[in-house]
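Each chain, written out:
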Amino acid sequence: MSGAAPAWMLRSEAGLCPCGCVGVRRKGSFVEKTLGGSADLLRQVMFSEDVAARRGALQRLDPRVKAIGLLVLLVAVGLVHHVPVLIAAYGLTLVFAAVSGLPLGFFVKRVWLFVPIFTGIVVLPATLSIVTPGHVVWTLWHWHGTPQGFTAQGLTTAALVVTRVATSVSLVVLLTLTTPWNRLLAALRALGVPKIFILIIGMAYRYIFLLLGTVTEMYEARKARTIAGASHDKGARRFVAASAGALFGKAHHLSEEVHQAMVARGYRGNPRTLKTFRLRAADGVAALVVLAAAVAIYGGDLYLGH
């Protein structure tokens, strides 16, 4: 029949069954996986910029007030020695995230999938009786007739460290998600942070994404010029090594050009923003709330201590 699809398009192909006994499962390229992770990072950063532009409670505050409030709360959390108080402080960060319009699932995963998990791995040996002697609550083995395993004192110490890190990281994430990057740098400079520190952070933040884009373009150009199937062993490793050298050369040349262009346009190391900083009544109320929260956190810890 005229206009009908050819037979080779209608013929079914062999697929992969769950057991993997039919067909050949190809091994994924580590280069593609790395670039895919880089793309995910770029999407997360772009989403963070959109969140910072919303009209939430924390987004409306002056960045200087938020930075000082963050420092006060971090000091209060660092002085706490009881897990229930840290759990209550972590709950307070969730309340701040909710009133700021942040997706709680995204906020929780951004905190718990990184630093606290690694912190838990680091403090895991401290939960064992061979490191922290005490009352064994879970016996793993016996040594000369003495039970060895997890101790109550070690588990309490590990829980204290993990919850403290999780709460501190949550506070930092709140600041970064609710404040545009250029306004945050300008606020830090206004609070007296050295100019060279601000310059290094700002350039590093911009160059990370520039280098990621350059690497992606280099890989796509190589892939578009490759006829045979891409190898994922020695050839891919040689490509990564060669690309790293070329990338460093490009980065050095580009950094010189960007710096000269910035100096020619009047840049002297101070970040500029279109909106000027101005304290309002809401900033004063927020400062009082932060101060009250810090006093409540530290006072609750002293109360439990007695």
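Residues numbered from 1 in each chain as written. Predicted model: local features only at pLDDT ≥ 70, side-chain atom pairs only at ≥ 80, totals over all residues. Heavy atoms only, no water.

**With respect to the pairing of strand 2 (residues 146-151)**
Next up, step 1: One ladder, built from six bridges, connects strand 1 (residues 136-143) with strand 2; its direction is antiparallel. Bridge pairing in strand 2 links H142 to P147.
Next up, step 2: Hairpin connection from strand 1 to strand 2: two residues lie between these consecutive antiparallel strands, with H144 at a positive phi of about 55 degrees. (Pairing = 2+ DSSP bridges. Helix = DSSP H or I, 4+ residues; strand = E, 2+ residues; numbered from the N terminus.)

**Section: the pattern of salt bridges**
Next up, step 1: All chains considered together, the criterion is met by one salt bridge.
Next up, step 2: As a salt-bridge pair, D62 and R64 come within 3.0 Å of each other at their nearest N and O atoms. (Salt bridge = Lys/Arg side-chain N within 4 Å of Asp/Glu carboxyl O.)

**As for helix 4 (residues 83-99)**
Next up, step 1: The end-to-end C-alpha distance of helix 4, which contains 17 residues, comes to 25 Å, matching closely the 24 Å that a straight helix rising 1.5 Å per residue would cover.
Next up, step 2: All buried positions along helix 4 are accounted for by V83, V85, L86, A89, Y90, T93, F96 and A97. All buried residues of helix 4 lie within an arc of 160 degrees about the axis, which places them on one face of the element. More than 90 degrees from the buried face of helix 4, the exposed residues found are P84, I87 and A88.
Next up, step 3: Looking at the buried positions of helix 4, the neighbouring elements they touch are helix 3 (63-78), helix 5 (104-112), helix 7 (152-177) and helix 11 (281-305).
Next up, step 4: Of the residues flanking the end of helix 4, it is G101, one or two places downstream, whose phi is positive at about 80 degrees. (Expected span 1.5 Å × (residues − 1). Buried < 20%, exposed > 50% of the residue type's maximum accessible area, 1.4 Å probe, protein only. Arc of directions from axis to C-beta. Contact = heavy atoms within 4.5 Å.)

**Things to note about a positive patch on the surface**
Next up, step 1: The grouping of R55, R60, K275, R278 and R280 at the surface amounts to a positive patch.
Next up, step 2: With respect to the helices, strands and loops of the structure, R55 is situated in the loop between helix 2 (30-52) and helix 3. (Patch = residues over 30% accessible without salt bridge, like charges linked within 9 Å, V, L, I, M, F, W, Y side chains within 5 Å. Areas by Shrake-Rupley, 256 points an atom, 1.4 Å probe, with all protein chains shown as cover. Lys, Arg positive; Asp, Glu negative; His and termini not counted. Charge placed at Lys NZ, Arg CZ, Asp CG, Glu CD.)

**A closer look at the side chain of T163**
Next up, step 1: Summarising the element assignment, T163 is placed in helix 7.
Next up, step 2: Accessibility expressed as a relative area gives 16% for T163, which makes it buried.
Next up, step 3: Non-local contacts of T163, meaning those with residues more than four positions away in its chain, are made with V83, L86 and I87.

**Focus: the environment of R183**
Next up, step 1: Along the chain, the position of R183 falls in helix 8 (residues 181-190).
Next up, step 2: Distance in space between the C-alpha atoms of R183 and T276 is 9.4 Å, their sequence separation being 93 residues.

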